[in-house]
Amino acid sequence: MNILFIGPPGSGKGTQSKLLQDQYGVVHLSTGDMFRTAIAQKTEVGIEAKGFMDRGEYVPDAVVINLIRDRLKQPDIKMGFILDGFPRTEPQAVALDQLLEELGLKLGGVFFFDVNKDLLVKRLSGRRTCKNCNRVISLDQLGTPIANERCQKNPVGPCEFYQRDDDRADVVEKRIDVYQKQTTPVIDHYRKNKNFVHLNGAQNPKEVFKLIDAKIRAS
Ligand code: ADP
Ligand code: ZN
């Protein structure tokens, strides 16, 4: 099962990825998470990506495509994967088509998470992310049992939540603009795919998961 999630920042792709990962054991490939790890480790890719990310801009296509090309060649990809946040531009979509063909892989589902801008801004500015495992909660969940669940990357303690630099209000607006300009063509690229599903991402995560799961079981 190889799946693509497309949608604006804050539309719930990461949340659904984690649910699917738990249910099916597929590999979650978030280019955003991969860049944040690269930044923390001060690798060449991380140093290159950081400025773009802090400004809410996309990292250049060549950098992202190389990152994904290397990752899709790893052996664990055979378990199935979710691509979360890639492709985000038309050239990335074309490159992915070629890469999948080259590797003999197929997409079993392409899910478009549709959410209006007001809700995105609200979700992103109230979002807190675990610095170890990238789990996401909302501000009003801090201090509740959900927030205190054990961290998957830090088995001796709970998650450690912080606000991502690019989740601050001014950068959030910019990211949504960049998405609308650059990623709308990607949705059209996949609309004709027989496994394309248009989801209402404003629903609660459990409802969205039911829809995705039903589609996966049916295909
Ligand atoms: P979100 O989906 O909430 O915007 P991500 O964690 O997926 O957050 O991405 C954070 C940032 O990483 C993006 O704003 C962008 O700078 C960079 N990035 C991630 N994926 C891509 C991509 N496919 N192409 C270009 N830049 C990317
Ligand atoms: Zn965590």
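Residues numbered from 1 in each chain as written. Chains lettered and ligands numbered in written order. Predicted model: local features only at pLDDT ≥ 70, side-chain atom pairs only at ≥ 80, totals over all residues. Heavy atoms only, no water.

Student: Mind laying out the site of ligand 1, listing which residues take part and the relevant values?
Tutor: The local shell around ligand 1 holds 19 residues, among which Thr31, Arg36, Glu57, Arg88 and Arg175 are the closest. Thr31 places a polar side-chain atom, nitrogen or oxygen, 2.7 Å from a nitrogen atom of ligand 1. Arg175 places a side-chain nitrogen or oxygen 2.7 Å from an oxygen atom of ligand 1. Protein coverage of the free-state accessible area of ligand 1, which is 540 Å², stands at 97%. Counting residues per element, the shell around ligand 1 draws most heavily on helix H2 (residues 31-40), at four residues. By residue class, the composition of the shell around ligand 1 is seven nonpolar, four polar and eight charged. (Near = heavy atom within 4 Å. Polar contact = N/O pair within 3.5 Å; in protein donor to acceptor, adjacent residues only side chain to side chain. Areas by Shrake-Rupley, 256 points an atom, 1.4 Å probe, with all protein chains shown as cover. Helix = DSSP H or I, 4+ residues; strand = E, 2+ residues; numbered from the N terminus. Nonpolar A, V, L, I, M, F, W, Y, C, P; charged D, E, K, R; others polar.)

Student: Outline the sheet that holds strand S2 (residues 27-30), supporting the account with residue identities and numerical values.
Tutor: Taken together, five strands build an open sheet; the order of strands is S2-S3-S1-S4-S8 and the sheet is parallel. A strand with exactly one partner marks an edge of an open sheet, and here the two such strands are S2 and strand S8 (196-200). Each strand of the sheet is rotated relative to its neighbour by a mean of 20°, with strand direction disregarded. Note that S2 and strand S3 (residues 81-84) share four bridges and pair parallel. Bridge pairing links Val27 to Phe81 in S3. (Pairing = 2+ DSSP bridges. Axes fitted to C-alpha atoms, helices over the stretch in contact; angles between N-to-C directions.)

Student: Lay out the coordination of the zinc ion (ligand 2) with the relevant residues and their values.
Tutor: Surrounding the zinc ion (ligand 2) are the protein donor atoms Cys130 (SG), Cys133 (SG), Cys151 (SG) and Cys159 (SG), which sit 2.3 to 2.4 Å from the metal. Counting residues between consecutive donors of the zinc ion (ligand 2) along the chain gives the motif C-x2-C-x17-C-x7-C. Residue Cys130 is found in strand S5 (residues 127-130), and its partner Cys159 is found in the loop between helix H7 (145-148) and strand S7 (161-162); the two are separated by 29 residues along the sequence. In this pair, the class of Cys130 matches that of Cys159, namely buried. (Donors = N, O, S within 2.8 Å, 3.2 Å for Na, K, Ca; no water. Buried < 20%, exposed > 50% of the residue type's maximum accessible area, 1.4 Å probe, protein only.)

Student: Explain the pairing of strand S1 (residues 2-6) to me, and be specific about the residues and the numbers.
Tutor: Extensive coverage of S1 is indicated by the burial of five of its five residues. Residue alternation in S1 divides its side chains into two sets, Asn2, Leu4 and Ile6 and Ile3 and Phe5, and both sets are buried. Strand direction decides the pairing type here: S1 and S3, joined by four bridges, are parallel. Bridging from a neighbouring strand, Phe5 pairs with Asp84 of S3. In this structure, S1 lies alongside strand S4 (residues 109-114), joined through four bridges in parallel fashion.

Student: Describe the environment of Gly80, naming the residues involved and giving the relevant values.
Tutor: Note on placement: Gly80 falls in the loop between helix H4 (61-72) and S3. Once the C-alpha coordinates of Gly80 and His28 are considered, the two residues, 52 residues apart in sequence, prove to be 9.0 Å apart. With residues up to four places along the chain from it excluded, the contact list for Gly80 reads Met1, Asn2, Val26 and Val27. (Contact = heavy atoms within 4.5 Å.)

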